[in-house]
Amino acid sequence: MADAVNIYTDGACRGNPGPGGWGVLLEYRGVEKELFGGVREPTTNNRMELLAAIKGLEALKRNSTVRLHTDSTYVQKGVTEWLETWKRKNWMTASRTPVKNKDLWMRLDAAMHGHKIQWKWVRGHAGHSGNERADLLANRGIDTIGLHGSNTGLA
């Protein structure tokens, strides 16, 4: 995966639920692109973490080899351990309850199509530069909703 796109993602909420934001840093061959956005309506940290991964993958213009870095075990394990079973069981969990955030899991599943993705978990707030930048972008997403309502800005 030497020529992979690195995607660093993070989600944030002020209150859980509360207003939320997502941030993405894309890196490829020395070029960087920052994406961020926020939602005013009460949301959860997990939804913002999922939305960050979705937005990062949706930003790719062609099928790519990707290293997606997330500090969310919910997203990382959801994709690598639970997603296929949820789909096979008609979006029900092992305890036979509906999968939470099904709408975003379905969107993430679609966004992954055509890409070769390595999902990498990183410890949040531990000095990992890509994750720290994604966190700043997610918080910028929250900060901008007070000015513009819902926001899906590009930095």
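Residues numbered from 1 in each chain as written. Predicted model: local features only at pLDDT ≥ 70, side-chain atom pairs only at ≥ 80, totals over all residues. Heavy atoms only, no water.

> Give me the lowdown on the environment of Pro19, citing residues and values where you can.
Tracing the backbone through its elements, the reader meets Pro19 in strand β2 (residues 18-28). Residue class for Pro19 comes out partly exposed when judged on its relative accessible area of 28%. Along the primary structure Pro19 and Leu51 are separated by 32 residues, whereas in three dimensions their C-alpha atoms are 14 Å apart. In contact with Pro19, other than residues within four places in its own chain, are Ala12, Cys13, Arg14, Val39, Arg40, Glu41, Thr43, Ile142 and Ile145. (Helix = DSSP H or I, 4+ residues; strand = E, 2+ residues; numbered from the N terminus. Buried < 20%, exposed > 50% of the residue type's maximum accessible area, 1.4 Å probe, protein only. Contact = heavy atoms within 4.5 Å.)

> Run through the pairing of strand β1 (residues 5-13), naming residues and quoting values.
By the criterion of burial, β1 is predominantly enclosed, with nine of the nine residues buried. The alternating pattern of β1 places Val5, Ile7, Thr9, Gly11 and Cys13 and Asn6, Tyr8, Asp10 and Ala12 on opposite faces, both of which are buried. Inspection of the sheet shows β1 paired to strand β4 (residues 65-70) by five bridges, in the parallel sense. Across the sheet, residue Thr9 finds its bridge partner in β4, namely Thr70. Pairing between β1 and β2: eight bridges, direction antiparallel. When the bridges of β2 are listed, Ala12 appears paired with Gly21. (Pairing = 2+ DSSP bridges.)

> Can you lay out the sheet that holds β2 for me, pointing to particular residues and giving the numbers?
In spatial order, the strands read β3-β2-β1-β4-β5; together these five strands make up an open sheet with mixed pairing. Each end of this open sheet is capped by a strand with a single partner; those strands are β3 (31-43) and β5 (116-121). Sheet twist, expressed as the mean angle between neighbouring strand axes with direction ignored, is 20°. The sheet contacts of helix α1 (residues 45-58) involve β1, β2, β3, β4 and β5, and relative to β1 the element is tilted by about 155°. (Axes fitted to C-alpha atoms, helices over the stretch in contact; angles between N-to-C directions.)

> Explain the packing of aromatic side chains residue by residue, including any values.
This model, assessed by the stated rule, comprises three aromatic pairs. Ring geometry for Tyr74 versus Trp105: centroids 5.4 Å apart, planes at 65°, classification edge-to-face. In this pair, Tyr74 sits in helix α2 (residues 73-88) while Trp105 sits in helix α3 (residues 102-112), placing the two residues 31 residues apart along the sequence. For the pair Tyr74 and Trp105, a shared accessibility class is recorded, and that class is buried. Measuring from ring centre to ring centre gives 5.8 Å for Trp82 and Trp86, while their planes differ by 40°; the resulting arrangement is tilted. (Phe/Tyr/Trp six-rings, centres within 6.5 Å; stacked < 30°, edge-to-face > 60°.)

> So, α3: which residues are in play, and what are the values?
Side chains that are three or four residues apart share a direction in an α-helix, a result of its 3.6 residues per turn. Within the span of α3, buried status applies to Leu104, Trp105, Leu108, Ala111 and Met112. Projected down its long axis, α3 carries its buried residues within an arc of 120°, all on one side. If you follow the buried residues of α3, they end up packed against α1, α2 and β5. Positive backbone phi, approximately 90°, marks Gly114, located one or two places after α3. (Arc of directions from axis to C-beta.)

> If you had to explain the pattern of salt bridges to someone new, which residues and values would you point to?
Across all of its chains, the model carries eight salt bridges by this definition. Here Arg47 ties to Asp103 by a salt bridge, and the two come within 2.9 Å at their closest N and O atoms. Note that Arg47 is positioned in helix α1 and Asp103 in helix α3, a separation of 56 residues in sequence. You can call Arg47 partly exposed: its relative accessible area is 23%. The network of salt bridges with shared partners includes Glu32, Glu34 and Arg133. (Salt bridge = Lys/Arg side-chain N within 4 Å of Asp/Glu carboxyl O.)

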